[in-house]
Amino acid sequence: MIKIAVLVSGGGTNLQAILDKEKQGLLNGEVSLIVASKDNIYAIERAKKADKKYVVICKKDYESKEKYEEALLDILNSENIDLIVLAGYLNILSEDFIKKYPERIINIHPSLIPSFCGDGMYGLKVHEAALNYGVKLSGATVHYVNEVTDGGKIILQKAIEVKEDDSPESLQKRIMENCEWIILPEAINIVCEKIRKEKQDV
Ligand code: GRF
């Protein structure tokens, strides 16, 4: 079984979409660990309800980014994690960290990359930018994580139409429901299959 860690910072609706697929027997891997970047986020409740192992690793509890990433690496290594899924995880991982998991870290972003992405583009800001630009289509992208924020190779994208009367909030909601919750588990399955084949070939 491919072992998956899901890293979260918020409500965890994308985490829930993954857990639901796993429960239905439709995930090509196993969610072995959930890492929360802070206490008191609803994603932790979802982990508990699904009876999943979770840890809270707060960057501010460590004297440096290096020490915080060491703690993160330790737990990922001790659980033998094959695939790291960033599902609304707001900490940016260092290049050193990312290099340890080549094509083993994926992220979901709520726009059609390369539009409305990169440093500082998260949450409602993404949808505000899309509406200000006047795009008629937006959506979500799952991509590999490399050293460029939102810059890694794209795995899956899904688009929806932007409506005349959309607000950032309404657009965010439709993109989550119609794009993110669908393509994130699909992309996980694609990458798990790839990892499984690579393991077989060794
Ligand atoms: C999603 O919009 C995701 O695309 C972005 O952060 C949000 C997380 O939402 N990266 P949730 O915590 O999964 O509900």
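Keep in mind the model is a prediction, meaning the values are calculated, not measured.

Draft legend 1. Up close: the site of the ligand. Around the ligand lies a shell formed by Gly 10, Gly 11, Gly 12, Thr 13, Asn 14, Gly 88, Ile 108, Pro 110, Met 176 and Glu 180. In this structure, an oxygen atom belonging to the ligand sits 2.8 Å away from a main-chain N or O atom of Gly 12. Within the contact set of the ligand, an oxygen atom lies 2.6 Å away from a side-chain nitrogen or oxygen of Thr 13. Coverage of the ligand by the protein amounts to 84% of the 370 Å² it exposes when considered alone. Secondary structure elements with two or more residues in the shell around the ligand: helix H1 (13-23) and helix H6 (168-201). Grouping the amino acids of the shell around the ligand by side-chain chemistry returns 3 nonpolar, 6 polar and 1 charged.

Draft legend 2. Just the pattern of salt bridges, in detail. Considering all chains together, one arrives at 12 salt bridges under this definition. The shortest N-O distance in the salt bridge between Asp 61 and Lys 60 comes to 4.0 Å. A salt bridge links Arg 196 to Glu 193, with the shortest nitrogen-to-oxygen separation between them at 2.6 Å. Taken together, the positions of Arg 196 and Glu 193, both in helix H6 and 3 residues apart, correspond to about one turn of that helix. The exposure class assigned to Glu 193 is partly exposed, which follows from its relative accessible area of 25%. What emerges from the salt-bridge pattern is a single network uniting Glu 103, Arg 104, Lys 194 and Glu 198.

Rules used throughout
- Residues numbered from 1 in each chain as written.
- Predicted model: local features only at pLDDT ≥ 70, side-chain atom pairs only at ≥ 80, totals over all residues.
- Heavy atoms only, no water.
- Near = heavy atom within 4 Å.
- Polar contact = N/O pair within 3.5 Å; in protein donor to acceptor, adjacent residues only side chain to side chain.
- Areas by Shrake-Rupley, 256 points an atom, 1.4 Å probe, with all protein chains shown as cover.
- Helix = DSSP H or I, 4+ residues; strand = E, 2+ residues; numbered from the N terminus.
- Nonpolar A, V, L, I, M, F, W, Y, C, P; charged D, E, K, R; others polar.
- Salt bridge = Lys/Arg side-chain N within 4 Å of Asp/Glu carboxyl O.
- Buried < 20%, exposed > 50% of the residue type's maximum accessible area, 1.4 Å probe, protein only.

Interpretation in functional terms is not warranted from these geometric data alone.
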